[in-house]
Amino acid sequence: MSTCPLPENHRDLFHPANLDGYVETMHRGVAQLGATMAGLTGPSTGTSPEHAAKLVTDVDLDRPLGDAGAALGEMSRLWLEDTVWFHDPGYAAHLNCPVVIPALLAEVFVSGVNASLDTFDQSVGATFMERHLVDWTAGRIGFGETADGIFTSGGTQSNLQGLLLARDRALAGRARGELARLRVVASTDGHFSVQKAARLLGLGDEAVITVPVDERHRMDVPTLARALAGCAARGEVAMAVVATAGTTDFGAIDPLPAVAELCHLHDTWLHVDAAYGGGLLASTRRRHLLTGIERADSVTVDFHKTWFQPVSSSALIVREAHHLGHVTWHADYLNPEDPDGTGHPNQVDKSLQTTRRFDALKLWMTLRVMGPDRIGDYVDTVCDLAQEVHARLAHRDDIEVAAPPGLSTIVFRYRPAGLEEDRADELVPRIRQELYDSGRAMVAATKVDGRCWLKLTLLNPMTTCEDVLAIIDRVATAGRELGVGAGAVA
Ligand SMILES: *Cc1c(COP(=O)(O)O)cnc(C)c1O
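Residues numbered from 1 in each chain as written. Predicted model: local features only at pLDDT ≥ 70, side-chain atom pairs only at ≥ 80, totals over all residues. Heavy atoms only, no water.

Peer 1: Please clarify how the site of the ligand should be interpreted in this entry.
Peer 2: The immediate surroundings of the ligand are formed by 15 residues, with Gly-155, Thr-156, Asp-273, Asp-302 and Lys-305 found nearest. Between an oxygen atom of the ligand and a main-chain N or O atom of Gly-155, the distance comes to 2.8 Å. For the ligand, an oxygen atom lies 2.6 Å from a polar atom in the side chain of Thr-156. Looking at the shell around the ligand, the elements that each hand over two or more residues are α6 (155-171) and α10 (303-306). At three residues, α6 tops the list of elements feeding residues into the shell around the ligand. For the shell around the ligand, the class distribution of residues is two nonpolar, ten polar and three charged. (Near = heavy atom within 4 Å. Polar contact = N/O pair within 3.5 Å; in protein donor to acceptor, adjacent residues only side chain to side chain. Helix = DSSP H or I, 4+ residues; strand = E, 2+ residues; numbered from the N terminus. Nonpolar A, V, L, I, M, F, W, Y, C, P; charged D, E, K, R; others polar.)

Shown next as structure tokens:
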């Protein structure tokens, strides 16, 4: 390789004069990542927060190491060696997915070129690639020609924007003071970002009305009907119903056609939070579970969950493009008003963000290399896996399961015959910690009706039923040992 012609102080810039250095540094990084992955023995090392914090806070950020190799070594010690690996079959905690290689290839370009999707003059073709993906996703949802949408940083932002559009539609033609009368209805199992959004939108915590769920953890429709009628009777305005297509704990899909019908009757905006269940849009065997989603006004899809994309990648898709106008603002220096529509297409007109990553390229490369059917197969595979594990757990008398899996999660706990429920509750966080400490398996925890449960979230299409049963065995072993220690189980 040629020697770097640039002076020392320019050699870290991504620049044609530094291509040798760029390629060499990138290779080094990829090699280090690969070598680390090749040597893994579990999803994490079980490091403690105290230990992790100490390593990091000892670093003097005013004294650079001056060399990528040294910085990579330090970064490894501080983080990479102890990080959590979502591709490991022992990882079954949160909604994190293993990622696909075409998306990682795209990342090189997303950050190297560093296009910003706010205006056409900062992104050129990228604007149209994002729009094409939005239209494609809208088509999968079943929306028509009038649909539109925007990529966002995640489901939280997508939900916020969906509810913002609903709020501004509800407020149109009303006095600002009517904000206090607006209500959002969601199920008790809806995502907490709904409450956060209500707060950010100035609605207040009491504006969110929660409707109970049935035994499969789906929104109870008769109660929703009463809630909407109650709002009307009290002179409140139900500005939106949030139906969840894939709840975070149970993967439950609210009864979308019935919810859509009620929204239609009450002239209420229907937002479908498909952050988790959105991957079903690519499924060839389970797409029918989303029937009714085409009647939504807005839909959240998280590509960084069930589309196997790296964080961040999400979208908000709306049935009627004009609603996105509620977030449009014109600035002379960026996206001046364009009454004739002859100027540049600017995605910033539809987004809560200004500078915005070209995350869409990751999905683009994924679809162009792999195609949607393979993504859909992955989704079906992890849902099949959850069914299979659930069936196998029916034969065990030491494991209790809270409900059959809706998508790819299993809420369960260690509870052999004779173990009181209070004791089972107490064991949940201790078993979870025991697994984390071991570095061999990771599960999540949640509460159902005030009781403690463990949760498996299965998003790895390469994980087998035996892998998952091995995690369950670790849970049972930990439960027995911790239980005996506390004198609870014979
Ligand atoms: C994960 C999730 C969200 C939030 O999405 P982020 O991408 O984490 O911001 C919203 N709703 C549901 C149902 C989710 O599972």
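Moving on, there is more to tell.
Peer 1: Explain unusual backbone geometry here, please?
Peer 2: One can expect most non-glycine residues to show negative phi and most peptide bonds to be in trans. The step from Val-311 to Ser-312 runs through a cis peptide bond, and the omega angle for that step is -5°. With respect to the element layout, Ser-312 can be found in the loop between α10 and β8 (314-318). A positive phi angle, near 50°, is found at Val-124, a position not held by glycine. Mapped onto the secondary structure, Val-124 falls in the loop between α4 (101-113) and α5 (125-141). The exposure class of Val-124 is partly exposed, given its relative accessible area of 49%. The phi angle at Asp-267 is positive, at roughly 50°, despite the residue not being glycine. Among the secondary structure elements, Asp-267 is positioned in the loop between α9 (256-266) and β6 (269-274). (Buried < 20%, exposed > 50% of the residue type's maximum accessible area, 1.4 Å probe, protein only.)

Peer 1: Please clarify how helix α3 (residues 68-78) should be interpreted in this entry.
Peer 2: The α-helix winds at 3.6 residues per turn, so residues separated by three or four positions along the chain end up facing the same way. Buried within α3 are the following residues: Gly-69, Leu-72, Ser-76 and Leu-78. Each element contacted by the buried residues of α3 is listed here: α1 (19-38) and α2 (49-57). Capping of α3 at its N-terminal end is provided by Asp-67; its side-chain oxygen lies 3.2 Å from the backbone amide nitrogen of Gly-69. (Contact = heavy atoms within 4.5 Å.)

Peer 1: I tried to follow the pattern of salt bridges on my own but got confused; where do I start?
Peer 2: It is possible for side chains bearing opposite charge to pair when their charged atoms get close. Tallied over the full model, the rule gives 35 salt bridges. In this structure, Lys-305 and Asp-302 form a salt bridge, with 3.4 Å as the shortest nitrogen-oxygen distance. A relative accessible area of 1% means that Asp-302 is categorised as buried. For the salt bridge of Arg-415 with Glu-400, the shortest nitrogen-to-oxygen distance reads 3.6 Å. Of the two residues, Arg-415 sits in the loop between β10 (409-414) and α13 (421-438) while Glu-400 sits in strand β9 (residues 399-401), which places them 15 residues apart along the sequence. On the basis of relative accessible area, Glu-400 is assigned to the partly exposed category, the value being 24%. (Salt bridge = Lys/Arg side-chain N within 4 Å of Asp/Glu carboxyl O.)

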